[in-house]
Amino acid sequence: MRSIEHFINGQSVADAKRLSDVWNPSQGEVQAQVGLGTAATLQRAVDAALAAQPAWAATNPQRRARVMFKFKELIETNMDQLAELLASEHGKVVADAKGDVQRGLEVIEYACSIPQALKGEYTQGAGPGIDVYSMRQPLGIGAGITPFNFPAMIPMWMFGMAIACGNAFILKPSERDPSVPVRLAELMQEAGLPDGLLNVVHGDKEMVDAILDHPDIAGISFVGSSDIAQYIYSRGTANGKRVQAFGGAKNHGIVLPDADLDQVVNDLTGAAFGSAGERCMALPVVVPVGDDTAAALREKLVPAIEKLRVGISTDPEAHYGPVVNEAHKQRVENYIQMCVDEGGELVVDGRGFMLQGHEKGFFVGPTLFDHVKPHFRSYKEEIFGPVLQIVRADTFEEAVRLPSEHEYGNGVAIFTRNGHAAREFVSRVNVGMVGVNVPIPVPVSYHSFGGWKRSGFGDIGQYGQEGMRFWTRTKVVTQRWPDGTAAGDHKEAFIIPTMG
Ligand code: NAD
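Residues numbered from 1 in each chain as written. Predicted model: local features only at pLDDT ≥ 70, side-chain atom pairs only at ≥ 80, totals over all residues. Heavy atoms only, no water.

Identification of the chain as CoA-acylating methylmalonate-semialdehyde dehydrogenase from Sphingomonas brevis is taken from an unreviewed UniProt entry.

Enquirer: Can you walk me through the overall build of the chain in this structure?
Expert: A tally of helices and strands in the chain yields 16 helices and 23 strands. Its C-alpha atoms give the chain principal-axis dimensions of about 85 × 60 × 40 Å. Long-range contacts, defined here as pairs at least 24 residues apart, represent 74% of the contacts in the chain between residues at least 6 apart. Here the chain displays about 21,000 Å² of accessible surface, and carbon together with sulfur accounts for 51% of that area. Across the chain, the centroid of the 46 positively charged side chains sits 4 Å from that of the 59 negatively charged ones. (Helix = DSSP H or I, 4+ residues; strand = E, 2+ residues; numbered from the N terminus. Contact = heavy atoms within 4.5 Å. Areas by Shrake-Rupley, 256 points an atom, 1.4 Å probe, with all protein chains shown as cover. Lys, Arg positive; Asp, Glu negative; His and termini not counted. Charge placed at Lys NZ, Arg CZ, Asp CG, Glu CD.)

Enquirer: Help me understand unusual backbone geometry, please; the structure alone is not making it clear to me.
Expert: Negative phi is the rule for most residues except glycine; trans is the rule for most peptide bonds. Although it is not a glycine, Phe 384 sits at a positive phi angle of roughly 60°. Relative to the assigned elements, Phe 384 resides in the loop between α13 (377-380) and β17 (387-390). Positive phi, normally seen in glycine, also occurs at Tyr 463, with a value near 50°. Take Tyr 463: it is sitting in the loop between β22 (456-457) and α16 (464-470). The buried category is assigned to Tyr 463, whose relative accessible area is 2%. (Buried < 20%, exposed > 50% of the residue type's maximum accessible area, 1.4 Å probe, protein only.)

Enquirer: Where do I start with the pairing of strand β9 (residues 168-172) in this structure?
Expert: Looking down a regular strand, the side chains alternate between one sheet face and the other. Buried residues dominate β9, accounting for 5 of its 5 residues. What you see with β9 is no split at all: Ala 168, Ile 170 and Lys 172 on one side and Phe 169 and Leu 171 on the other are buried throughout. As paired strands, strand β8 (residues 141-145) and β9 are joined by 5 bridges and run parallel to one another. Across the sheet, Ile 141 pairs through a bridge with Ala 168, a residue of β9. One crossover worth recording links β8 to the parallel β9 by way of helix α6 (residues 153-164), and it is right-handed. In this structure, β9 lies alongside strand β10 (residues 198-200), joined through 3 bridges in parallel fashion. Residue Ile 170 lies in a different strand from β10, and its bridge partner there is Asn 199. For the handedness criterion, the β-α-β arrangement of β9, helix α7 (residues 179-190) and β10 is classed as right-handed. (Pairing = 2+ DSSP bridges. Right-handed = clockwise from strand over helix to strand, strands pointing away.)

Enquirer: I would appreciate a short explanation of the pattern of salt bridges in the present structure.
Expert: Opposite charge on two side chains makes pairing possible when the charged atoms of those side chains draw close. Using the criterion set out here, one finds 29 salt bridges in the structure. Of the charged contacts in the structure, one is a salt bridge between Asp 96 and Arg 279, with a shortest N-O distance of 3.0 Å. Of this pair, Asp 96 sits in helix α4 (residues 94-111) while Arg 279 sits in the loop between α10 (261-273) and β14 (285-288); the two residues are 183 residues apart in sequence, bridging distant segments of the chain. Between Arg 392 and Asp 291 there is a salt bridge, and its shortest N-O distance comes to 3.0 Å. (Salt bridge = Lys/Arg side-chain N within 4 Å of Asp/Glu carboxyl O.)

Enquirer: Could you clarify how one ought to interpret the sheet that holds strand β13 (residues 252-255) in this entry?
Expert: With mixed pairing, the 7 strands of this open sheet are ordered in space as β15-β16-β17-β14-β13-β19-β20. The strands lining the two open edges of the sheet, one partner per strand, are β15 (345-348) and β20 (433-436). When the angles between neighbouring strand axes are averaged without regard to direction, this sheet yields 20°. Pairing geometry for β14 and β17, over 2 bridges, is parallel. Directly across from Val 286, in β17, lies its bridge partner Ile 390. (Axes fitted to C-alpha atoms, helices over the stretch in contact; angles between N-to-C directions.)

Enquirer: What is the right way to read the environment of Leu 402 from this model?
Expert: In this structure, Leu 402 sits in helix α14 (residues 396-405). Here Leu 402 falls in the buried class, since its relative accessible area comes to 10%. When the C-alpha atoms of Leu 402 and Asp 80 are compared, they prove to be 41 Å apart, with 322 residues separating the residues in sequence. Not counting residues up to four positions away in its chain, the partners in contact with Leu 402 are His 252, Val 287, Pro 374, Tyr 379 and Val 391.

Enquirer: Help me understand the site of the ligand, please; the structure alone is not making it clear to me.
Expert: In the region of the ligand, 27 residues are neighbours, and Thr 146, Lys 172, Glu 175, Ser 225 and Glu 382 sit closest. In this structure, an oxygen atom belonging to the ligand sits 2.8 Å away from a main-chain N or O atom of Thr 146. Between an oxygen atom of the ligand and a side-chain N or O atom of Arg 176, the distance comes to 3.3 Å. In isolation the ligand offers 840 Å² of accessible surface; the protein chains occlude 89% of this area. Of all elements in the fold, only α8 (205-213) and β11 (219-223) reach the threshold of two or more residues within the shell around the ligand. By residue class, the composition of the shell around the ligand is 14 nonpolar, 8 polar and 5 charged. (Near = heavy atom within 4 Å. Polar contact = N/O pair within 3.5 Å; in protein donor to acceptor, adjacent residues only side chain to side chain. Nonpolar A, V, L, I, M, F, W, Y, C, P; charged D, E, K, R; others polar.)

Enquirer: I would appreciate a short explanation of the pairing of strand β4 (residues 18-24) in the present structure.
Expert: As judged from the 7 bridges shared by β4 and strand β5 (residues 29-36), these two strands associate in the antiparallel manner. The partner of Ser 20 across the bridge, within β5, is Val 34. Hairpin connection from β4 to β5: 4 residues lie between these consecutive antiparallel strands, with Gly 28 at a positive phi of about 70°.

Enquirer: Any chance you could explain the nonpolar core here in plain terms?
Expert: One broad rule of soluble globular proteins: the nonpolar side chains tend to lie buried together. Core analysis: the biggest nonpolar cluster contains 96 residues, and Phe 71 and Phe 159 have the highest contact counts within it. If near-sequence neighbours (up to four positions away) are discounted, Phe 71 is found in contact with Ile 108, Met 156, Phe 159, Leu 184, Leu 187, Met 188 and Ala 191. (Core = buried A, V, L, I, M, F, W, Y, C linked by side-chain atoms within 4.5 Å.)

Enquirer: What's the story with the environment of Ala 238 in this structure? I'm lost.
Expert: Residue position: Ala 238 is located in helix α9 (residues 226-238). With 27 residues separating them in the primary sequence, Ala 238 and Ile 211 have C-alpha atoms 13 Å apart.

Enquirer: What exactly am I supposed to notice about the side chain of Asp 267 here?
Expert: With respect to the secondary-structure elements, Asp 267 resides in helix α10. Within the buried core, Asp 267 has no salt-bridge partner, and the shortest N-O distance to an opposite charge, that of Arg 279, equals 11 Å.

Put into structure tokens, the structure is as follows:
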């Protein structure tokens, strides 16, 4: 059995006291085991980070950027192997796994411009002979705690920015698909990153709590489910750390009567069922405005859903693969039953899906519900599976209200040809990331990512300029270089200096 080890100070470190199974979801079999670390494991990573970070912070930003350039090249060379490894542990199809790597790589590309991003501000002559300038300095040691659903992209969002800014980084990836994060750390080392600056420690709550309580870790970035995000935010900030914690989602796609329904169906099937619905920016709720729109949409949607091909992650024809594990398959199927019990109309039922030759795989067929109501628990909660719910709205106002009043506020999309309606929607909707005729509006790497309400705790986004701000703090310097001839009036020193 393959074992997956920590990566600390540039080396593999075994830690076999507690082991966790890593599955191949397409086959429904255990393919490896990962050793879960303890506070002692974390301490080794912190020691390595403390030793390496000051010299890295003192390395000029252009040299730090060169490591990112080289890393980008290595990722591109290793793309196929990374995507296959990722797909084998996560279950998403290989083409989609390449997208996972690519969206992380785009943040690395942004991190290549870190000398530009880090430039400070300067005011000459803020007072007589006085200049004021600000600089961005790294926090020291940053940590990232990441979910199973993007094992390449989300770690790269975090460590790419943190390390380019001059920090050392400790990554605690999901224990369900931990191999790619380790491989990324090895490639960073190959790209020239000195040992100790990117460490990967595996573990569960025990390791996470050790990170939250460690006095030498200054900043924590978390992505995962909302209850855990809130816990991470509360405990981390109570310990005086800077924390950003992104949570779950229930994104809505609003369809106005004038929308191009062929485009909507095309976009929706990809956004609702791609990656088996296990994306925080998936579109699991569609809101057609008016019964005519709903009927026309449903008529086109059903055959498109019935044509979807569910397959193993290496099937090049498959639209999506299995969900991550047996427990999650069960959870998704329970939500389907819940929605039936609550009175939703089950139009396409994906339960009991069996793939010939892969009967043990964790597959769930595509599922469609109509007439789902806002008070259903299955609507209020995140299902995180290949389940699309139609919630009909009578008016535009109602369509704005649904995502705005939902407790999650990650992403939302509106489909229309009416620019005025789209503009109105964009300005009023109470959600952090909005797509206009774009189903999955994950911002490009030079903007920043961040949901609202229970989708995001903390006040600063991932990557882009916000990521740079998160991983640095501002120092402001007020300086004067007197020529030594002024007659000093020491009384003035007792009055607060003003610019009056
Ligand atoms: P999860 O919350 O179960 O796990 C995330 C991380 O937290 C993992 O590293 C895990 O080991 C750790 N963890 C789990 N339980 C813990 C506990 N009790 N105490 C401390 N740490 C714990 O999430 P997941 O199932 O891996 O990922 C899916 C979730 O992530 C979904 O809710 C999805 O919407 C969300 N997600 C959000 C975003 C976003 O940007 N908002 C992006 C991707 C995924």
